[in-house]
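An overview of the molecular structure
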Amino acid sequence: MNVHHSQQIHEDEKAILDAIEVWVEKEVRPIAKKFDLADEYPHDLVEQMKELGLFGATIGTEYGGLGLSAWTYAQIVIKVASVWMAPSGIFNSHLIMASAIERSGTEAQKRKYLPLMASGAFRGSLGLTEPNAGTDLQAIRTVARREGDHYVVNGAKTWITNSMYGQGTLLLVKTDLAAQPRHKGMSMLIAEKTDGFNVVGKLKKLGYRSIDTCELSFEDYKVPVENLLGGEEGHGFQQTAGGLELGRINVAARGAGIAQGSLKMALRYAQERETFGKPIWQHQAIQFKLAEMVTQVEASMGLIETAARKYDAGERCDLESSMAKLFASEAGVFCSQEAMRTFGGYAYSVEYEIERFYRDAMLMVIGEGANEVLKTVIAKQLVDRNRI
């Protein structure tokens, strides 16, 4: 089914991908249905992720991480999401925080947090979204006021994955309410769980279950000044935007994984199920579905690889990562829906796992930049690169 994989993967990274595939089949697949339906957190999987080094997947080797390329990391996410998308969020949110520290943090911040994050001893999240601010991050209302050697934080965040069982979050705050333009008054704080850091509760969700996506509140919560990311106020918006390329590659990989997993289930079922005296794959209507699904899966893989390789080369890839996220997330929705139609009435029963893929897929077109917004980003970047 892998019609295309182009360049040779480094042997060490290939060995890691092989180990992940074995782990996914042996440990993840057998429990996915049970834990998803129960909305139960997979604590044992987290311990296994630590052993596999997943919490340090993209963290540099000098800090104890695996230092994997974005393309290898994307393939790991695809493998996991092709069986159960939700666990990929446990290490992805964590790695986005780690990436921001590695990219923008002071040397002291890197030395303190990255080794702990690489081992999984400190698991983090990204504290951006608020009840009134999602895509428009400049509208956040969480405020950090400097008082001596601490910031005092008051505000609220929502949809924060990893926040119940993790040890801290990278918190986007307003440090200057009068700044114009607004983004110049925004900063990032490395926020560990102490007094005033309150996990209000886990959100009940249509899909992406089992994972600790929560609401947070901060009430006179104190953060040491040395935990200001980069050591200088006013750079929080840019520090956030700097992680969007890798974040979108990751969400694209999740969408492609959902699409690939949906295709595999539909392909198997189409050969097992018979109607009118023959397997349903022999009916033209099902053939059309399978053809469109595999084409979208492979096209998604190509777009993700292009974006990831540009990222690995240190090249600008906001256009490529946005295209990959747009197409692959929509492929996840399309393929899960077409697989549901292939299964027919059985798809509506929790006996068949395709219904989970269908529920999980919609998050991918909303998260990490709604696809409607990404279309405007793509168009603007396209024009900027092709000025006449």
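Coordinates for the structure precede this section.
Figured I'd write up the structure that's included with this text. What you see is a predicted model, and the numbers here were worked out from it, not measured in a lab.

Quick word on the overall build of the protein chain
For the protein chain, the count of helices and strands is 11 helices and 9 strands. Over its C-alpha trace the protein chain gives a radius of gyration of 21 Å, about what one expects of a compact globule, namely 21 Å for 388 residues. If you line up the protein chain on its principal axes, its C-alpha atoms span 80 × 55 × 40 Å. Out of the 388 residues in the protein chain, the part that is buried amounts to 53%. Here the analysis covers contacts within the protein chain between residues at least 6 apart in sequence; of these, 75% occur between residues at least 24 apart. Total accessible area on the protein chain is roughly 17,100 Å²; 53% of this is exposed by carbon and sulfur atoms.

Concerning the pattern of salt bridges
Within the structure shown, the criterion is met by 22 salt bridges. In this structure, E21 and K79 form a salt bridge, with 3.1 Å as the shortest nitrogen-oxygen distance. Of this pair, E21 sits in helix α1 (residues 11-38) while K79 sits in helix α3 (residues 70-81); the two residues are 58 residues apart in sequence, bridging distant segments of the chain. In this structure E21 comes out as partly exposed when scored by relative accessible area, which is 39%. You can call K79 partly exposed: its relative accessible area is 22%. In this structure, D136 and R182 form a salt bridge, with 3.6 Å as the shortest nitrogen-oxygen distance. Of this pair, D136 sits in the loop between β1 (124-127) and β2 (143-147) while R182 sits in the loop between β4 (168-174) and β5 (186-192); the two residues are 46 residues apart in sequence, bridging distant segments of the chain. Through salt bridges with shared partners, a single ionic network connects R316, D318, E320 and R385.

Some details on the layout of surface pockets
Estimated volume of the largest pocket: approximately 1,300 Å³. In terms of lining residues, the largest pocket is bounded by 45 residues, among which T129, I366, G367, E368 and G369 are the most central. Considering each element in turn, the lining of the largest pocket owes the most residues, 6 residues, to helix α10 (residues 354-366). Looking at the lining of the largest pocket, its residues break down into 22 nonpolar, 15 polar and 8 charged.

Looking at the pairing of β5
With respect to burial, β5 is a largely interior element, 6 of its 7 residues being buried. In terms of strand pairing, β4 meets β5 through 7 bridges, oriented antiparallel. Each residue of the ladder has a partner; that of G168, found in β5, is E192.

A closer look at the environment of R248
Structurally, R248 is set in helix α7 (residues 244-272). It is 9.8 Å that separates the C-alpha atoms of R248 and M364, two residues lying 116 residues apart in sequence. Sequence-distant contacts of R248, that is, excluding residues within four places in its chain, are made with S321, S322, K325, E368, G369 and L374.

Describing the environment of A379
Here A379 lies in helix α11 (residues 371-385). On the basis of relative accessibility, which here comes to 39%, the residue A379 falls in the partly exposed class. On a C-alpha basis, the gap between A379 and I16 in space is 37 Å, while along the polypeptide they are 363 residues apart.

Conventions adopted
Residues numbered from 1 in each chain as written. Predicted model: local features only at pLDDT ≥ 70, side-chain atom pairs only at ≥ 80, totals over all residues. Heavy atoms only, no water. Helix = DSSP H or I, 4+ residues; strand = E, 2+ residues; numbered from the N terminus. Rg over C-alpha atoms; globule rule 2.2 N^0.38 Å. Buried < 20%, exposed > 50% of the residue type's maximum accessible area, 1.4 Å probe, protein only. Contact = heavy atoms within 4.5 Å. Areas by Shrake-Rupley, 256 points an atom, 1.4 Å probe, with all protein chains shown as cover. Salt bridge = Lys/Arg side-chain N within 4 Å of Asp/Glu carboxyl O. 1 Å grid on protein atoms, 1.4 Å probe; cavity = no way out; pocket = protein on both sides within 12 Å on 5 of 7 lines; lining within 4 Å. Points joined across faces, edges and corners; volume = space filled by probe spheres on them. Nonpolar A, V, L, I, M, F, W, Y, C, P; charged D, E, K, R; others polar. Pairing = 2+ DSSP bridges.

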